[in-house]
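Tertiary structure, described
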Amino acid sequence: MADLAKREIRTRFAPSPTGDLHVGNIRTALFDWAYARHTGGKLIFRIEDTDRERVTDEYIARAIDTLKWLGLNWDEGPEVGGSYGPYLQSQRLEIYSEWANTFLKNGDAYNCYCSTEELEARREAQRQANQAPGYDGKCRSLTGEEISRYQAEGRKPVIRMRMPDGETRFTDLIRGEVVFEHKYVPDFVLMRADGSPLYTLAVAVDDVLMKVTHVLRGEDLLSSTPRQIRVYQAMGVAPSDYPEFAHLPFVMGTDNAKLSKRNGEVSIAWYREEGFLPEAICNYLALLGWSPGDDRENITMEELVQLFTIERVNSSPARFDMKKLEAINGDKIRALSIEDFLERALPFLITSKAITGSDAQVSLVKKALPIIQERIVRLKEVIPMLSFLFVDQVEFDANSGAKIGEADAQKVVAAALESLEPVSDWSHTHIETALRNSLIDGLGLKPRNAFGPVRIAITGSHISPPLFESMELLGRERCLSRLKSAIR
RNA sequence: GGCCCCGUCGUCUAGUGGCCUAGGACUCUGGCUUCUCAAGCCAGCUACGAGGGUUCGAAUCCCUUCGGGGCUGCCA
């Protein structure tokens, strides 16, 4: 490396508060985080709330909560501070204003008095004439006389950036060299008449001032890059100090549309409520647009940090696949220690009111977890899986209810009851022995037909955790009483 | 319309001129195991969008074409 005194790598995650953090946002945040951690750099968390219309306090609190839950920490930003703050754009308005005025003074920008209606009319005309719609430069060089006239009319100007002739050329770390001819990049607005900044101004100013070295963001921002670079120029930043850009491919829904609220579940909060593990979400999302390069797919956050490089990021969009997320989530659940599993599962049981959380219940849950661990793919499933242990009486689903009423089933349940009553050592091995003796040997049934009715009587469903273990957990008295009440 | 980006199994991907009769994972199908459901194991289906080049040789390089997406705002 020629440049040994390479500046510290600084990435930033800069969402705008338009709703809960979603899958696409988080994938970007994850890559920003992983890259910063991989390089020993810093991650800046910044809120792009230039649009004051939007309420942001609650949004920010939720975003912070989500990021923390996922295990994505930041070095500068809300809660932690930093030397380049504030990190809320709504608190940096004077900074943008000063820069816009500097641009004005230097002739890089100019006041534009065109009204929205006028602009729209002219754009329409351009479209009619089959020209590329965009600002036509009408106010680029207004005379003093024209300016006075506009002001007399009461017009308030916006500040518009002057795009010089030529082209912008930059190397995207994911896509390679990209060129935009300026004739396709019209003069753009930096600041509204009321003095509020636009994204293009704020994002560029902040990235420079916060010394961001690598901008990793969605590819929808690719074509706005020349405008940002134009702002860097106007700020007097040397080209060698421009941030590097890496435009990440989209995360799309199962159809070919961009993943959105209308198209699959996007809110990370939803995944959390369903019982997806944060490390599973991160693991899966990391695989959307990136791969470790070998056949590994189940990776830890540590491995992600160790292996993540921008060179290995793909340039083509990826479709979000719930099935694969579930597969990874299932793997991660199975790998949990019982203590960890318990800690994560308990909130689901309690908020659903399946249990109140008493010591007795918690210890029963803990004993039951090993037999359901490999049977669930989302933590939320512990609720239906274990609820038979905590209800006074099982409710049969339609199918199972009918089945247990059949004559054959009734015979089985009766025989099971009879063979179980003498069993005092209520361990699953003794239960199994008694049932095999009476049903398999005694009645000559196939295991499947023998244990089915018992399973229904005990758990309420023909699908359940392993029967004998379930019975041991339920306890002798409750098992016998359930068998009795299943007999009609 | 213009500009820009993208194009390997259904999906996520490996692949950077020969190791590719294209590998892995998820899904799906069949089987084994089995007290149900899972888990596990085994097997199988299925892909380089198309057409031209370059080369002894192309998924990999070039061109064209088709398809998808983004942008084209006083949204971000």
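Going along each chain's sequence as written, the residues are numbered from 1 onward. Chains and ligands are labelled sequentially in the order written, the chains with letters from A and the ligands with numbers from 1. Reporting in this predicted model follows two pLDDT cut-offs: at least 70 for local features of residues, and 80 or more for side-chain atom pairs to be given and counted; totals over whole chains, interfaces and linings ignore these cut-offs and use all residues. Side-chain descriptors were evaluated using all non-hydrogen atoms of the structure, hydrogens and water having been removed beforehand.

**Quick word on the overall build of chain A**
Working definition: helices are DSSP H or I runs of at least four residues, strands are E runs of at least two. Numbering for both runs from the N terminus. For chain A, the helix and strand inventory stands at 20 helices and 11 strands. Using C-alpha atoms as the atom set, the radius of gyration is obtained and then compared with a globule rule of 2.2 Å times the number of residues to the power 0.38. Against the globule reference of 23 Å for 488 residues, chain A gives a C-alpha radius of gyration of 32 Å, more extended than a compact globule. Its C-alpha atoms give chain A principal-axis dimensions of about 105 × 55 × 40 Å. Throughout this description, buried means an accessible area under 20% of the type-specific maximum (1.4 Å probe, protein chains only), exposed means over 50%, and partly exposed covers the range between. For chain A, with 488 residues in total, the buried portion stands at 49%. Taking the intrachain contacts of chain A between residues at least 6 apart in sequence as the baseline, contacts between residues at least 24 apart amount to 74%. Each accessible area is a Shrake-Rupley estimate made with a 1.4 Å probe; only the visible protein chains count as cover when residues are assessed. For chain A, the accessible surface area stands at approximately 23,600 Å², while carbon and sulfur atoms represent 49% of it. Charge counting treats Lys and Arg as positive and Asp and Glu as negative, with His and both chain ends excluded. To locate a charge, the coordinates of NZ of Lys, CZ of Arg, CG of Asp or CD of Glu are taken. Chain A carries 61 positive and 71 negative side-chain charges, and their two centres are separated by 2 Å. Note on contacts: a residue pair is in contact if any heavy atoms of the two residues lie within 4.5 Å.

**Topic: the side chain of Gln228**
As for its position among the elements, Gln228 is in helix 7 (residues 225–235). One polar contact links Gln228 to Arg217, side chain to side chain, over a distance of 2.2 Å. The residues touching Gln228, leaving out its near neighbours within four places in the chain, are Tyr199, Thr200, Val203, Ala204, Asp207, Arg217 and Phe245. Side-chain atoms alone can form a polar contact between residues adjacent in sequence; in general such a contact is a pair of N or O atoms within 3.5 Å, and within protein one must be able to donate a hydrogen while the other accepts it.

**Describing the domain arrangement of chain A**
Reported domain spans reflect what an automatic or database domain assignment gives. Considered domain by domain, chain A is made up of domain 1 (1–77 + 249–335), domain 2 (92–248), domain 3 (336–390) and domain 4 (398–486). One C-alpha centre belongs to domain 1, the other to domain 2; they are set 29 Å apart. Between domain 1 and domain 2, the contact holds 23 residues from the first and 28 residues from the second. Once two parts are put together, the accessible area they lose, assessed with a 1.4 Å probe and summed over both, is termed the buried area. Between domain 1 and domain 2 lies a buried interface of about 2,300 Å² when both sides are counted; carbon and sulfur atoms form 56% of it. On the domain 1 side of the interface with domain 2, the three residues burying the most area are Arg7, Arg12 and Thr50, jointly 26% of the side's total. By definition here, a salt bridge exists when the distance from a side-chain nitrogen of Lys or Arg to a carboxyl oxygen of Asp or Glu is within 4 Å. Counting the contacts that link domain 1 with domain 2 gives three salt bridges.

**Examining the pairing of strand 2 (residues 42–45)**
Along any regular strand the residues' side chains alternate between the sheet's two faces. Any two strands between which DSSP finds at least two bridges are classified as paired. When strand 1 (residues 10–13) meets strand 2, the two strands line up parallel, connected through four bridges. Bridge pairing in strand 2 places Thr11 opposite Leu43. With the strands pointing away from the viewer, any crossover whose connection runs clockwise from the first strand over the helix to the second is right-handed. A crossover connection joins strand 1 to the parallel strand 2 through helix 1 (residues 23–39); in handedness this β-α-β unit is right-handed.

**A closer look at the pairing of strand 9 (residues 244–248)**
Most of strand 9 sits inside the fold, with four of its five residues counted as buried. Sheet analysis places strand 8 (residues 214–218) next to strand 9, joined by five bridges and oriented parallel. Looking across to strand 9, one finds that Arg217 is bridged to His247.

**Re the packing of aromatic side chains**
Stacked, tilted and edge-to-face are the three classes applied to pairs of Phe, Tyr and Trp rings, where Trp contributes its six-membered ring and a pair requires centres within 6.5 Å; stacked means planes under 30 degrees apart, edge-to-face means over 60, and tilted covers the rest. Enumeration over the complete set of coordinates arrives at 16 aromatic pairs. Measuring from ring centre to ring centre gives 5.9 Å for Phe13 and Phe45, while their planes differ by 20°; the resulting arrangement is stacked. Of the two residues, Phe13 is situated in strand 1 and Phe45 in strand 2; the sequence distance between them amounts to 32 residues. Phe13 sits in the buried class, given a relative accessible area of 4%.

**A few points about the protein's contact with RNA strand B**
In the vicinity of RNA strand B lie 64 residues, with Arg175, Arg192, Glu374, Arg375 and Arg455 positioned nearest. Only a single heavy atom is needed: when it lies within 4 Å of a molecule or strand, its residue is near that molecule or strand. By atom count, sugar and phosphate contribute 73% of the portion of RNA strand B lying within 4 Å of the protein. Here a sugar or linking oxygen of RNA strand B sits 2.4 Å away from a polar atom, N or O, in the side chain of Arg175. Contacts to RNA strand B include Ser291, whose side-chain N or O atom sits 3.2 Å from a phosphate oxygen. Elements with a contribution of two residues or more to the surface near RNA strand B: helix 4 (116–128), strand 4 (158–161), strand 6 (176–181), strand 11 (318–319), helix 11 (322–334), helix 18 (447–459) and helix 19 (467–474). For this classification, the nonpolar set comprises Ala, Val, Leu, Ile, Met, Phe, Trp, Tyr, Cys and Pro, the charged set comprises Asp, Glu, Lys and Arg, and every other residue, Gly included, is treated as polar. Partitioning the surface near RNA strand B into residue classes produces 27 nonpolar, 14 polar and 23 charged.

**A few points about the packing of helix 16 (residues 407–420) against helix 17 (residues 428–442)**
Note on geometry: axes are lines fitted to C-alpha atoms, helical ones only across the stretch in contact, with angles between N-to-C directions running from 0 to 180 degrees. In contact at an axis separation of 9 Å, helix 16 and helix 17 are set at 130° when each is read in the N-to-C sense. It follows from the interaxial angle that helix 16 and helix 17 lie oblique. Judged by the sense of rotation from one axis to the other, the crossing of helix 16 with helix 17 is right-handed. Here Val412, Ala415, Ala416, Ser419 and Leu420 of helix 16 come into contact with helix 17, specifically with Ile431, Ala434, Leu435, Ser438 and Leu439. To sort the angles, those under 35 degrees are grouped as roughly parallel, those over 145 as roughly antiparallel, those from 65 to 115 as roughly perpendicular, and the leftovers as oblique. Should the near helix be turned anticlockwise from the far one by less than a right angle, the crossing is termed left-handed; should it be turned clockwise, right-handed.

**Quick notes on the pattern of salt bridges**
Under the counting rule described, the total for this entry stands at 37 salt bridges. With a shortest N-O distance of 3.1 Å, Asp340 and Arg344 are connected by a salt bridge. Highlighted residues: Asp340 and Arg344, both in helix 12 (residues 338–351), separated by four residues, approximately one helical turn. Arg344 sits in the partly exposed class, given a relative accessible area of 22%. By sharing partners, the salt bridges in this structure join Arg12, Arg46, Glu48, Arg92, Asp206 and Asp207 into a single network.

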